[in-house]
Amino acid sequence: MKRMGASVALFALCFAGSAEAGHPKHVHDDIDPYSGQRILSVAIDTGRCLVETSPDRNPSHVKLLLSAVRQPSAPVEYVLTLSLDGGEWINPGKRGSLQTVIDGKQDELYMVGPKSAWKEWPAFSGTRHKVAKEVIPFGADEEFVKNLAGAKAVQFRINAQNTSLERCTDAVSLRDVHEFLALAATL
C-alpha cells in the first residue's frame, strides 16, 4: 500500500458526527469545519481472536475507525485508524505497519501520520487511575476496503518494540462497510 499525506490522518481522528437522513445509523457523514471537506466514517468493533498466534497480553479495548475523504481533483483516500482504550500503549515507531489477514489473504498497511496517545480519567468508574488512550492511523486503498466489506473474518496485528497487539473481527461487525463504500463513491 502507498503512504498517504499526514493531513489525511487528521481526518481519521474525527470520531464524533451525526448520521444524515437516508444514511445507515452507523456511517457518519461530517463536514470538516476548517476545510469544508466531507468526511465519511464508520466504527468497527473488534475482539480477541479465538486462536491467537502471538502472546498478546495487552488488555486494550480496540475499535477500528474507517474514514474516507476526497481531496480536490484526487481519488478518495481511506484511513483505517486503530483506537485503543484502557490498555498499554503501542509503540509502532515512525514506520509502523499493521499486518492484516482478510479471509486468508495477507496485506500490510502503513502509518500515514503520527499516533496520538494520552491518559484520561474514566468517567463514572470510581477508579483513581488514569486510562491510556491511543489512536494510530494507517493508509488504505479502495481494494482493501472492498475486501474488508466482503470479509467473513479479519485478523490484524501490530508488532511493536516490546509488545504486540492482535485482534479479530467478523462479518457482523463489518456489516456497515458496504454502505460506507457506496457513500464514499459519492464524495
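The residue numbering used here restarts from 1 in each chain and proceeds along that chain's sequence as written. Local features in a predicted model are, by the rule used here, given only for residues with pLDDT of at least 70; side-chain atom pairs are given and counted only at 80 or more, and totals for whole chains, interfaces and linings are based on all residues. Water and hydrogen atoms were dropped before computing side-chain values, which therefore reflect all heavy atoms in the structure.

A. Just the overall build of the protein chain, in detail. Put simply, DSSP H or I for four residues or longer makes a helix, DSSP E for two residues or longer makes a strand, and each gets a number counted from the N terminus. Helix and strand counts for the protein chain stand at 3 helices and 10 strands. Reading the protein chain from its N terminus to its C terminus gives the helix and strand order α-β-β-β-β-β-β-β-β-α-β-β-α. Exposure categories follow from relative accessible area, calculated using a 1.4 Å probe and restricted to protein chains: below 20% of the type maximum is buried, above 50% is exposed, and the middle band is partly exposed. Per-residue burial over the protein chain gives 44% buried out of 187 residues. Sequence-distant contacts in the protein chain: of pairs separated by 6 or more residues, those separated by 24 or more amount to 65%. Per-residue accessibility takes into account occlusion by the displayed protein chains alone, with areas from the Shrake-Rupley method and a 1.4 Å probe. Carbon and sulfur atoms make up 54% of the accessible area of the protein chain, which amounts to about 10000 Å² in all. In what follows, residue pairs with any heavy atoms lying within 4.5 Å of each other are defined as contacts.

B. Layout of the environment of Ile-102. In this fold, Ile-102 is placed in strand β5 (residues 97-102). Separated by 52 residues in the primary sequence, Ile-102 and Val-154 have C-alpha atoms spaced 4.6 Å apart. Setting aside residues up to four positions removed in sequence, Ile-102 forms contacts with Phe-144, Asn-147, Leu-148, Ala-151, Ala-153 and Val-154.

C. Representation of the sheet that holds strand β10 (residues 164-170) within the structure. Two strands qualify as a pair provided DSSP detects at least 2 bridges between them. Overall, antiparallel pairing links the 4 strands, which are arranged β6-β5-β9-β10 in an open sheet. Each end of this open sheet is capped by a strand with a single partner; those strands are β6 (105-110) and β10. Averaged over all pairs of adjacent strands, the angle between their axes in this sheet comes to 20°, without regard to strand direction. Taken together, the 6 bridges between β5 and β6 define a ladder with antiparallel strand orientation. When the bridges of β6 are listed, Ser-97 appears paired with Tyr-110. Note on method: axes are straight lines fitted to C-alpha atoms, helices fitted across the in-contact stretch only, with angles between N-to-C directions ranging 0 to 180 degrees.

D. Inspection of the nonpolar core at higher detail. Core analysis: the largest hydrophobic core is formed by 38 residues, its most contacted members being Tyr-78, Leu-82 and Phe-180. If near-sequence neighbours (up to four positions away) are discounted, Phe-180 is found in contact with Val-27, Leu-40, Ser-41, Val-42, Leu-66, Ser-67, Ala-68, Tyr-78 and Val-145. By convention a nonpolar core is built from buried Ala, Val, Leu, Ile, Met, Phe, Trp, Tyr and Cys residues, the set being connected through side-chain atoms within 4.5 Å.

E. Quick peek at the confidence of the model for the protein chain. For every residue, the pLDDT score states the predictor's confidence, bounded by 0 at the bottom and 100 at the top. Taken as a whole, the protein chain shows an average pLDDT of 79; of its residues, 76% reach a score of 70 or greater. Mean pLDDT values over the elements of the protein chain span from 38, in helix α1 (residues 6-12), up to 95, in helix α2 (residues 142-149). Segment residues 1-23: pLDDT under 50, and 59 contacts once partners within four positions in sequence are set aside and those in other chains are kept.

F. Up close: the side chain of Thr-100. Note that Thr-100 resides in strand β5. In this structure Thr-100 comes out as buried when scored by relative accessible area, which is 3%. Non-local contacts of Thr-100, meaning those with residues more than four positions away in its chain, are made with Lys-105, Gln-106, Asp-107, Phe-144, Gln-155 and Phe-156.

G. Main features of the environment of Gly-87. Looking at where Gly-87 falls in the secondary structure, it is placed in the loop between β4 (76-85) and β5. In this structure the C-alpha to C-alpha distance between Gly-87 and Glu-134, which are 47 residues apart in sequence, comes to 9.3 Å.

H. The arrangement of the state of the cysteines in detail. Only a pair of cysteine sulfur atoms within 2.5 Å counts as a disulfide in this structure description. Taken as a whole and assessed by the stated rule, the structure comprises 1 disulfide. Between the sulfur of Cys-49 and that of Cys-168 lies a disulfide, 2.0 Å long from S to S. When the S-S torsion is 100°, as for the bridge of Cys-49 with Cys-168, the disulfide is right-handed. Pair noted here: Cys-49 is in the loop between β2 (38-45) and β3 (61-70) and Cys-168 is in strand β10, with a separation of 119 residues, a long-range link. Accessibility classification places Cys-49 together with Cys-168 in one group, the buried group.

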